[in-house]
Amino acid sequence: MNNTFDLFIVGAGPAGLMAAVSAAAAGKRVGVAEFLPSAGRKLLASGSGKCNLTNLLEPEEMAARFTAGARRILPALRAFPPEELRLWFRRRGVPTSPVDGFHCFPDSQRAGDVLDALLREAAQYNVQIFCNTAVEELLISDGKISGCRAGKREFHAEKLLLAGGGNGYPALGARGLGYRLAVSAGHTILTPVPALVGLRTKEEWPTRLAGITVERARAGFGRGRFREGVLLFTKTGVSGPAVLDLAGEINRRLLTGPEAVLTLRFEAKYAAEFWRAELERRRQSDGRKPVEAVLAEFFRRRLAETLAGLAGCTARRLAELTAAERNRLAGLLDAMPLVVTGNDGWEKAMATCGGVALDEVNPRTMESRLLPGLRFAGEMLDVGAPCGGYNLQWAFSSGRLAALA
């Protein structure tokens, strides 16, 4: 079997496979090494097996939502934007639709159809995929990449793409091999931490509400960092899109200290001013009602009772509260502090925060600034994608750009 290629790729996930078929369709000889017995296992698990592969944002707005900053993300998204990604799959028998008016899934709701389309394309253009192949060493000659070694076997190529993914879902292949290879080439790795993962809290009250959701919550962390969406209480703390998008940054903060503070607003559009006015209005019109009964008109009953208890208002009528007590309740409804002490671990993490430093990669070509011929794509780069199709769009876009730039 041939061991010499124009492009050799480490990792047969979405970024690696899109890079492979893009380069092969352009006439290049392409080989791919995959650690696991088959390609695309993490892709099959994405979106709970339904594969939220992109969304309806334009590249500029999408790029702005990555923590890495639009400047580093835009070249790839512009080169292969969401509309073109959807067209690419539609032409290969996988139409997609924004089922909720924003998030795009295959019409079949099957991640397997997305993977099958990529593998059919790879077979059509004679991409060689070497499964059960763990790349252990980069080969460097005259200051530039010349291939890699896996066990006793060497693969030779003038261009080599590292697309090994992040550390999430280790059972589906995450081993950190790509990071070690990047380090061997002189690259800096920002310590990977779990992202898009549930958070564990010091307070016990969220765990007593496990299974309850808040549809329009807002979570905050640090200065000016807010996310809106569904909030889910879990057996260990909190989760849901409102929290998941901040989890990577919070877990990075936990690298330098035992705790981090998250704030929750239980109705995104209602700030403290609204609650102060509403509580005063209701004090005058429904002052005999218990505080938890008034809150239950806005939230689930169990959550309403919990919030009243946290504010020290349990079994008290609204008219009995002092102005200071109403202000305290309004403040908690606007920004309830939660002390985060950990997360649900790599086994539950849908993504990775950290990875190869973007300053060391040319965003217009995805090529290393340190080692000519070496390129990167996908989640092993420190991009900080939020929940909702961003990670897969980035994987496909950066993979394609790395192959064709």
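Residues numbered from 1 in each chain as written. Predicted model: local features only at pLDDT ≥ 70, side-chain atom pairs only at ≥ 80, totals over all residues. Heavy atoms only, no water.

Focus: the overall build of the chain
- Looking only at helices and strands, the chain features 14 helices and 20 strands.
- Each of the three principal axes of the chain carries a C-alpha extent, and together these read 80 × 45 × 35 Å.
- The burial tally for the chain puts 54% of its 405 residues in the buried class.
- Sequence separation of 24 or more characterises 71% of the internal contacts of the chain that already satisfy a separation of 6 or more.
- Surface accessibility of the chain: about 17,300 Å² in total, with carbon and sulfur atoms responsible for 49%. (Helix = DSSP H or I, 4+ residues; strand = E, 2+ residues; numbered from the N terminus. Buried < 20%, exposed > 50% of the residue type's maximum accessible area, 1.4 Å probe, protein only. Contact = heavy atoms within 4.5 Å. Areas by Shrake-Rupley, 256 points an atom, 1.4 Å probe, with all protein chains shown as cover.)

Thoughts on the pairing of strand S1 (residues 4-10)
- Across the seven residues that make up S1, a large majority, five, are buried.
- The sheet contact formed by S1 and strand S9 (residues 153-162) spans six bridges and is parallel. Considered in S9, the bridge of Val10 is made with Leu162.
- Between S1 and its parallel partner strand S2 (residues 30-33), the chain crosses via helix H1 (residues 14-25), and the hand of that crossover is right-handed. (Pairing = 2+ DSSP bridges. Right-handed = clockwise from strand over helix to strand, strands pointing away.)

Focus: the sheet that holds strand S5 (residues 103-106)
- Spatially, S3-S5-S4 is the arrangement adopted by the three strands of the open sheet, whose pairing is antiparallel. Single-partner strands in this sheet number two, and they are strand S3 (54-55) and strand S4 (96-98).
- In terms of strand pairing, S3 meets S5 through two bridges, oriented antiparallel. Note that in S5 the partner of Asn55 across the bridge is His103.

A few points about the nonpolar core
- Counting 78 residues, the largest nonpolar core has Phe89, Leu162 and Phe396 as its most contacted members.
- Excluding residues that lie within four positions of it along the chain, Leu162 makes contacts with Val10, Leu138, Gly178, Leu181, Ala182, Leu374, Arg375, Phe376, Ala377 and Met380.
- Listed in part, the 45 residues of the second largest apolar core include Leu209, Phe266, Ala330 and Met336. (Core = buried A, V, L, I, M, F, W, Y, C linked by side-chain atoms within 4.5 Å.)

So, the pattern of salt bridges
- Per the stated rule, a full pass over the model turns up 25 salt bridges.
- Ionic pairing is found between Glu204 and Arg208, a salt bridge with its closest N-O pair at 3.9 Å.
- Taken together, the salt bridges that share partners define one network made up of Glu278, Arg281, Arg282, Asp286, Lys289 and Glu297. (Salt bridge = Lys/Arg side-chain N within 4 Å of Asp/Glu carboxyl O.)

What to know about the side chain of Asp334
- Structurally, the position occupied by Asp334 is in helix H13 (residues 323-334).
- Using a relative accessible area of 18% as the deciding quantity, one classes Asp334 as buried.
- A polar contact of 2.7 Å, which involves the side chain of Asp334, links it to the side chain of Arg265.
- In this view, Asp334 contacts Leu264, Arg265, Tyr270, Ala271 and Ala272; residues no more than four positions away in its chain are not counted. (Polar contact = N/O pair within 3.5 Å; in protein donor to acceptor, adjacent residues only side chain to side chain.)

What about the packing of aromatic side chains?
- The tally for this structure, following the rule as stated, stands at 19 aromatic pairs.
- Relative to Phe299, the ring of Phe266 lies with its centre 6.3 Å away and its plane at 75°, an arrangement referred to as edge-to-face. Remark: Phe299 occurs in the loop between helix H11 (291-295) and helix H12 (301-310) and Phe266 occurs in the loop between strand S15 (260-265) and helix H10 (272-285); sequence separation between them is 33 residues.
- Here Phe299 falls in the buried class, since its relative accessible area comes to 8%.
- The interplanar angle of 70° and the centroid separation of 4.9 Å between the aromatic rings of Trp275 and Phe298 together place this pair among those described as edge-to-face. (Phe/Tyr/Trp six-rings, centres within 6.5 Å; stacked < 30°, edge-to-face > 60°.)

Here we look at unusual backbone geometry
- Its identity is not glycine, yet Ala315 carries a phi of approximately 60°, on the positive side.
- Considering the arrangement of structural elements, one finds Ala315 in the loop between H12 and H13.
- One non-glycine residue, Met366, lies in the positive phi region at around 65°.
- Note that Met366 resides in the loop between strand S18 (361-362) and strand S19 (367-368).

Some points on the environment of Arg227
- As for its placement among the helices and strands, Arg227 is situated in strand S13 (residues 225-233).
- By relative accessible area, Arg227 is classed as buried at 18%.
- Residues Arg227 and Leu264, 37 residues apart in the sequence, show an inter-C-alpha distance of 9.8 Å.
- Arg227 has contacts with Arg65, Ala217, Arg218, Ala219, Ala242, Asp245 and Leu246, leaving out every residue within four places of it along the chain.

Some points on helix H7 (residues 177-184)
- Considered for burial, the residues of H7 that qualify are Gly178, Tyr179, Leu181 and Ala182. Angularly, the buried residues of H7 cover 160° about the axis, an arc narrow enough to put them on a single face.
- Residues of H7 that are buried sit in contact with S1, strand S7 (137-141), S9, strand S10 (189-195), strand S17 (351-356) and strand S20 (374-376).
- Of the residues flanking the end of H7, it is Gly186, one or two places downstream, whose phi is positive at about 95°. (Arc of directions from axis to C-beta.)

A word on the pairing of S5
- Direction of pairing for S4 relative to S5: antiparallel, over a ladder of three bridges. Note that in S5 the partner of Thr96 across the bridge is Pro106.
- Once S4 ends, the chain turns through four residues before running back antiparallel as S5, passing Gly101 with a positive phi of about 85°.

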